Amino acid sequence: MYQKGKSFSEIQIGDSASFTKTITETDVYLFAGISGDFNPLHVDEEYAKSTSFGTRIAHGGLAASLLAPVLGMKLPGLGTVALETTTKFRKPVYFGDTITCLVEVVKKVERLKAVKMKIVWTNQKSEVVSKGETLVIPPG
């Protein structure tokens, strides 16, 4: 049986949760198939060598999608409805990078019974690869 996530009243400012995953070549190809984005920067090593990155990089949306298991399974958890997410990409994510997506509650919006959280995605070197915010409605 699934356990419902934290409700609006149970969530406190400063609550946090994270999810970590190593991005593999398989992940990149599966994401290309799901999204339809076969940009050679992601799937063609010879092409990617000619770019400023010098090698293939993961889709920005692939790393950004690591937010989903945090919101849907950890904080607030099962039953969460996402209203809005903004993401600013800061550094490329390379094949083999281990990315952690961390969210922290920064505001409770009583009128909507919603929670605003800051999001930071970091790699294994603790470098920020992306950052943003999300507004979600926790389970009732």
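Because the structure is a prediction, the values reported are computed rather than measured. (Residues numbered from 1 in each chain as written. Predicted model: local features only at pLDDT ≥ 70, side-chain atom pairs only at ≥ 80, totals over all residues. Heavy atoms only, no water.)

Can you explain the nonpolar core? Please cite residues and give values.
Ile 23, Met 117 and Trp 121 are the most contacted members of the largest nonpolar core, which totals 26 residues. Put simply, the parts of the chain that give this core at least two residues each are helix H1 (25–35), helix H4 (60–64), helix H5 (67–73), strand S3 (98–109), strand S4 (114–122) and strand S5 (128–137). Non-local contacts of Ile 23, meaning those with residues more than four positions away in its chain, are made with Val 28, Ala 58, Leu 62, Leu 66, Val 93, Tyr 94, Phe 95, Gly 96, Asp 97 and Ile 99. (Core = buried A, V, L, I, M, F, W, Y, C linked by side-chain atoms within 4.5 Å. Buried < 20%, exposed > 50% of the residue type's maximum accessible area, 1.4 Å probe, protein only. Helix = DSSP H or I, 4+ residues; strand = E, 2+ residues; numbered from the N terminus. Contact = heavy atoms within 4.5 Å.)

Give a description of the UniProt feature "domain: MaoC-like" (unreviewed entry) in the chain that names residues and reports values.
Per the UniProt record, the feature "domain: MaoC-like" (unreviewed entry) sits at residues 20–117. Taken end to end, residues 20–117 comprises 33% helix and 29% strand; its first and last C-alpha atoms sit 18 Å apart. (UniProt positions renumbered as here; feature names shortened; annotations may be inferred.)

Please set out the packing of aromatic side chains residue by residue, giving values where relevant.
By the definition in use, this model includes zero aromatic pairs. The residue whose ring lies beneath Lys 108 is Phe 8, and the NZ or CZ to ring-centre distance is 4.5 Å. (Phe/Tyr/Trp six-rings, centres within 6.5 Å; stacked < 30°, edge-to-face > 60°. Lys NZ or Arg CZ within 6 Å of the ring centre and 35° of its normal.)

Report on the sheet that holds S5, specifying residues and quantitative values.
Pairing in this open sheet of five strands is antiparallel, and the strands run S1-S3-S4-S5-S2 from one edge to the other. Each edge of the open sheet is held by one strand with a lone partner, namely strand S1 (16–22) and strand S2 (81–89). Strand after strand, the sheet turns through a mean of 20° between neighbouring axes, direction not considered. Sheet topology places S3 next to S4; nine bridges connect them, and they run antiparallel. From the neighbouring strand, Lys 107 faces S4, where its bridge partner is Lys 116. (Pairing = 2+ DSSP bridges. Axes fitted to C-alpha atoms, helices over the stretch in contact; angles between N-to-C directions.)

An account of the side chain of His 59 is requested, with residue identities and associated values reported.
Tracing the chain through its elements places His 59 in the loop between helix H3 (45–49) and H4. Discounting chain neighbours no more than four positions away, the residues touching His 59 are Val 28, Phe 31, Ala 32, Ser 35, Asp 37 and His 42.

I'd love a proper account of H1, names of residues and values included.
Those residues of H1 not exposed but buried are Asp 27, Val 28, Phe 31 and Ala 32. Mapping the buried residues of H1 onto a view down its axis gives an arc of 135°, with all of them on the same face. In H1, the exposed positions that point more than 90 degrees away from the buried face belong to Thr 26, Leu 30 and Ile 34. Where the residues of H1 are buried, they touch S1, helix H2 (40–43) and H4. Among the residues trailing H1, Gly 36 stands out with phi positive, at a value near 85°. (Arc of directions from axis to C-beta.)

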